[in-house]
Amino acid sequence: MHRFANPKRFLRIAAVVLPWSTALTVALLGLGLYFALLASPADYQQGESVRIMYVHVPAAWMALFVYSCLAAASAVALIWKHPVADLVAKASAPIGACFTFIALATGSIWGKPMWGVWWVWDARLTSVLILFFFYMGHIALTSAFEDASRGERAAAILALVGFINIPVIKWSVDWWNTLHQPASMIRMDGPAIHTSMLAPLLIMAAAFTAYYVTVLILRLRGEILTRKIGALRMTRIQDRQEERTPHMKEV
Amino acid sequence: MPNFLDMGAYGSFIWTAYGIAALVMAGLFVASWWRLRARETALADLLETFEESTPVGPVGVLANDSCDDLDDRNGPPS
Amino acid sequence: MTGFWLIVRRDVVMAWRQGGDGFMAIMFFLITVTLFPLSVGPESTILARIGAAVVWVAALLATLLSLERMFQSDFEDGSLDLMAITPLSLEAVVLAKCLANWLLTGAPLLLAAPVLAMMLHMDREGLAIFVTAMALGTPSLVFTGAIGAALTVGARRGGVLLTLLVLPLYIPVLIFGVGAVEAAVMGQPAQPHLLVLGGLLLGTLPLGLWASTAALRQALE
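Computed from a predicted model, the values in this text were never measured in an experiment.

Parameters and conventions
Residues numbered from 1 in each chain as written. Chains lettered and ligands numbered in written order. Predicted model: local features only at pLDDT ≥ 70, side-chain atom pairs only at ≥ 80, totals over all residues. Helix = DSSP H or I, 4+ residues; strand = E, 2+ residues; numbered from the N terminus. Rg over C-alpha atoms; globule rule 2.2 N^0.38 Å. Buried ≥ 20, exposed ≤ 12 C-beta atoms within 10 Å, placed from the backbone. pLDDT = per-residue confidence, 0-100. Contact = placed C-beta atoms within 7 Å. Core = buried A, V, L, I, M, F, W, Y, C linked by C-beta atoms within 7 Å. Nonpolar A, V, L, I, M, F, W, Y, C, P; charged D, E, K, R; others polar. Expected span 1.5 Å × (residues − 1).

Re the overall build of chain C
Then step 1. What chain C contains, in helices and strands, is 9 helices and 0 strands.
Then step 2. In chain C, the succession of helices and strands from N to C terminus is α-α-α-α-α-α-α-α-α.
Then step 3. Here the C-alpha atoms of chain C give a radius of gyration of 18 Å, agreeing with the 17 Å that 2.2 N^0.38 yields for 221 residues.
Then step 4. With respect to the three principal axes, the spread of C-alpha positions in chain C is 55 × 35 × 30 Å.
Then step 5. Looking at the 221 residues of chain C, the share that counts as buried comes to 47%.

What about the overall build of chain B?
Then step 1. Looking only at helices and strands, chain B features 3 helices and 0 strands.
Then step 2. Along chain B, from the amino end to the carboxyl end, the secondary structure elements read α-α-α.
Then step 3. Taking all 78 residues of chain B together, the buried fraction comes to 10%.

Brief notes about the confidence of the model for chain B
All names here are of chain B.
Then step 1. Taken as a whole, chain B shows an average pLDDT of 73; of its residues, 56% reach a score of 70 or greater.
Then step 2. Summarising per-element confidence for chain B, the mean pLDDT is lowest in helix H3 (residues 68–71) (49) and highest in helix H2 (residues 11–53) (90).
Then step 3. When the criterion is pLDDT under 50, residues 57–67 qualifies, and its contacts beyond four places in sequence or with other chains add up to 19 contacts.

Comments concerning the nonpolar core
Then step 1. In terms of nonpolar packing, the biggest core is built from 146 residues, with Ala59, Ala63 and Ala89 of chain A together with Ala180 and Ala215 of chain C touching the most fellow members.
Then step 2. Examining the composition of this core, we find that 17 residues originate from one element, helix H3 (residues 83–115) of chain A, more than from any other.
Then step 3. Apart from residues lying up to four places away in sequence, Ala89 of chain A is in contact with Leu70, Ala73, Ser74, Ala77, Ala155, Ala156 and Ala159 of chain A.

Notes on the interface of chain B and chain A
Interfaces are often described in size by the accessible area the parts lose on coming together.
Then step 1. In this assembly, 37 residues from chain B lie in contact with 43 residues from chain A.
Then step 2. When residues of the side of chain B that touches chain A are traced back to their parent elements, those giving at least two are H2 and H3 of chain B.
Then step 3. Looking at the side of chain B that touches chain A element by element, the count peaks at 21 residues for H2 of chain B.
Then step 4. Across the side of chain B that touches chain A, the residue classes tally to 23 nonpolar, 8 polar and 6 charged.

Topic: the interface of chain A and chain C
Then step 1. Between chain A and chain C, the residue contacts involve 14 residues of the former and 16 residues of the latter.
Then step 2. Listing elements by their share of the side of chain A that touches chain C, those giving two or more residues are helix H4 (123–142) and helix H5 (148–162) of chain A.

Brief notes about the environment of Leu127 of chain C
Residue and element names in this part refer to chain C.
Then step 1. By the element assignment, Leu127 lies in helix H7 (residues 124–151).
Then step 2. Taking the C-beta count within 10 Å as the criterion, Leu127 has 17 such neighbours and is therefore assigned partly exposed.
Then step 3. Between the alpha carbons of Leu127 and Ala113 there is a distance of 8.6 Å; along the sequence they are 14 residues apart.

Some words on H4 of chain A
Then step 1. Here H4 of chain A is 20 residues long and its end C-alpha atoms lie 29 Å apart, about the 28 Å a rise of 1.5 Å per residue gives.
Then step 2. Among the 20 residues of H4 of chain A, 14 are classified as buried, and the element is accordingly described as predominantly covered.

Here we look at the confidence of the model for chain C
Residue and element names in this part refer to chain C.
Then step 1. Per-chain confidence: chain C averages 83 in pLDDT, with 95% of residues scoring 70 or above.
Then step 2. The lowest-confidence element of chain C is helix H2 (residues 21–40), averaging 76 in pLDDT; the highest-confidence one is helix H9 (residues 191–220), averaging 91.
Then step 3. Reported for the predicted complex are a pTM of 0.79 and an ipTM of 0.86.

Written as structure tokens, this is what we have:
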């Protein structure tokens, strides 16, 4: 982990990984969509509308996964003051927010034919909505200060505080009597879904993960460049000040 | 083909859902890409002005290839 | 230990002199709650149904009003720096400020709540559970709110950002606080809800202190 603390070395590794992750994203998305829309059966009870699951569930998984990565990166940034870690958190937040939005929107669209309502205030939906608020709060906090690094550190603390929400989301369907379907994937006695539906689900999940890696690298490069530009501008201002008043040294 | 688009009368729901997901994910990718491009041009412009104005250059930044200055959040060592 | 009580007294007295955080909070509370019977209509069944929720939401908002001032003015005039270097640990300073804040907002709300419960036609058993629930819930609101206040110290548009950050954290207390009162009103056992509220208080105390202190340390660097 400390090997990645040097941004330039990290950028070199990222440059190698980026084309692969992009290609993987495209390939897996193609494969996943083929299975999701064409090569998988309709559901006995829900008919074709079950196909929404192949977007909704992976998006929801990613919303949780990205937040976990964000929280882990925040912990690393706070404990070891790792310079790349808080950039990972900052870059991941918009991606996680997008996945959460997709999960909420597609879930709502799926809910209308399945439950008859667009929205219901049960534990699972409410806690995912709260997750969305945490993402927005994180993004707002990082840009709320003149000093960018102050915002990043504050956001890191917020990320750790909000991590409590993740187990709540996971087990909300078990703890409360909810309208949302109970856990059928990660259970003690294995997944409860037939392979023909499990395959597209897992492929789409893998595609979304590759997407996350790709966009994360893009945003990380952007953040590192932002820092470099800021540093260079500071140098230019200092140089110009020295040119004007050459006898005054910086204390 | 009509059956594919209709999806057994659920067509509008399914395609709206997939459409929103595609739009958001593509939009985020494009936005991130543009942001990176904009930063790269800004950096190139900034480096040009440095080479123009101070040929000797601030020793800290241009000559330093190990990016140590990026580890120091408050700017390059003065 | 004297330093601790000095900070508590200082905050309370200062707020009192500046027109009273507590007084403003109570007035806001009363006015907000009064808006509901005026807009929903005086039918006692409706009011009894939503009364608990209305009072809790108003309490939440009133607490939010006072949070912004918790650290901001001390941060601006340098008192926070001084407090950080005293022998008293920063956690103790935060705890003292939380206690002062609760004395100014939570305690008055506890006193005002029975009056409001009466205005909203809550019955006797509901009232007892209600006061207990507020006694358990309002400290949680202060500890959680301190996190937001500490995170946004010195931020641009800190007040709005504070609200955005803190409201999601308030939702569990709201849900179980209202659940407790409604259970009592409907004759069902409110104990599970009260136990969860107690658990939330036990949880938010260390979490709030840790996060606020860490955030203040970041701000003071």
